[in-house]
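Listed below are the residues making up each chain.
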Amino acid sequence: MTQVIREREAFRAACDEARAAGRKVGLVPTMGALHEGHLSLVREARRRADFVALTIFVNPLQFAAHEDLSKYPRTFEADVEACEKEGVDVIFAPEPGAMYPAGFQTHVEVEQLTLPLEGEFRPTHFRGVTTVVTKLFNLAGPCVAIFGRKDFQQAAVLHRMAEDLDMPVEVVKAPTVREPDGLALSSRNRYLSAEDRARALSISRGLRAAWDAFHAGERDPSRLRELVLAEVEREMDSIDYVRVVHEASLTEDPTDASPLVALVAARISGTRLIDNCVFETDARP
Ligand code: PAF
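About the criteria used
- Residues numbered from 1 in each chain as written.
- Predicted model: local features only at pLDDT ≥ 70, side-chain atom pairs only at ≥ 80, totals over all residues.
- Heavy atoms only, no water.
- Phe/Tyr/Trp six-rings, centres within 6.5 Å; stacked < 30°, edge-to-face > 60°.
- Helix = DSSP H or I, 4+ residues; strand = E, 2+ residues; numbered from the N terminus.
- Buried < 20%, exposed > 50% of the residue type's maximum accessible area, 1.4 Å probe, protein only.
- Lys NZ or Arg CZ within 6 Å of the ring centre and 35° of its normal.
- Salt bridge = Lys/Arg side-chain N within 4 Å of Asp/Glu carboxyl O.

**Q** Pulling in residues and values, what's your account of the packing of aromatic side chains?
**A** For the structure on display, the rule yields seven aromatic pairs. Pairing Phe11 with Phe92 gives two aromatic rings, centres 4.5 Å apart and planes at 0°, and the pair type is stacked. Of the two residues, Phe11 is situated in helix H1 (residues 8-20) and Phe92 in strand E4 (residues 90-92); the sequence distance between them amounts to 81 residues. For Phe11, a relative accessible area of 0% gives the class buried. For Phe92, a relative accessible area of 0% corresponds to the buried category. An aromatic cluster is present here, built from Phe57, Tyr100 and Phe104 joined pairwise through their rings. Taking the ring centre of Tyr191 as reference, the NZ or CZ of Lys71 above it sits at 4.4 Å. In this arrangement the basic side chain of Arg219 is found over the ring face of Phe214, its NZ or CZ atom lying 3.7 Å from the centre.

Encoded structure:
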């Protein structure tokens, strides 16, 4: 039976109690509207821990005023049911007022890694993410926390934050889950009409073309980028970015020898989709 907790102190107590009983805590932070991608994170947490805590909180701090906070999908009852089926021990689902009471004024920021890509188009986004995740880490206590690689830059930023601030949290990055036709799972996919969904496949098609070229020997980042861009610009309404950068710095810095990753953010009928692929290590998209 999954326990639903709304209060911060009760969540802290549940995690402390689990640890006191010798159980390792696995944390899966989410904004709800759970899909198979989130459930794969729960399964990863279960493999690595004995007590799985999933958080559901649509964090106002990471949405800019013009973004889709009020429209973000909320499917709480279905989420609880999915967690029950997966054997999640605890859901922590606080109200915004419980996370950010009157007088709240402290934020956590990661510097360089947040500047490119999402940082150029959503300049306040990561500050909201790192602040809320710090709060969740502080409440959960020592744990292993699982984040999806679909939000590639987010996972990198949170890994950096935990390292830099000596947080007692092991940040694990879990692979992107795709539909059989390649579409990366996302809570925002439910906004897509059948026609939009078909057009959105241009993103995974572009990543696949570049993945194929990489595995046939292509190593020129600009050539790999062109292959992704050619597909994406044909179908999507607008593009925030299509980039091929090094995984460690998230820049084109030639002194960064880490693997190349292609990252895409583009819109279709007002829905913003992101996706990525590390050519060397990811499965063919
Ligand atoms: O990836 C998400 O769902 C959110 O950004 C997170 C990590 C739960 C923080 O609100």
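**Q** Please give an account of the pattern of salt bridges that cites residues and values.
**A** Within this structure, the stated rule accounts for 30 salt bridges. In this structure, Arg43 and Glu36 form a salt bridge, with 2.7 Å as the shortest nitrogen-oxygen distance. Classification of Arg43 by relative accessible area gives partly exposed; the value is 32%. Take Glu36: its relative accessible area is 38%, and that puts it in the partly exposed class. Arg47 is paired through a salt bridge with Glu44; the nearest N and O atoms lie 2.7 Å apart.

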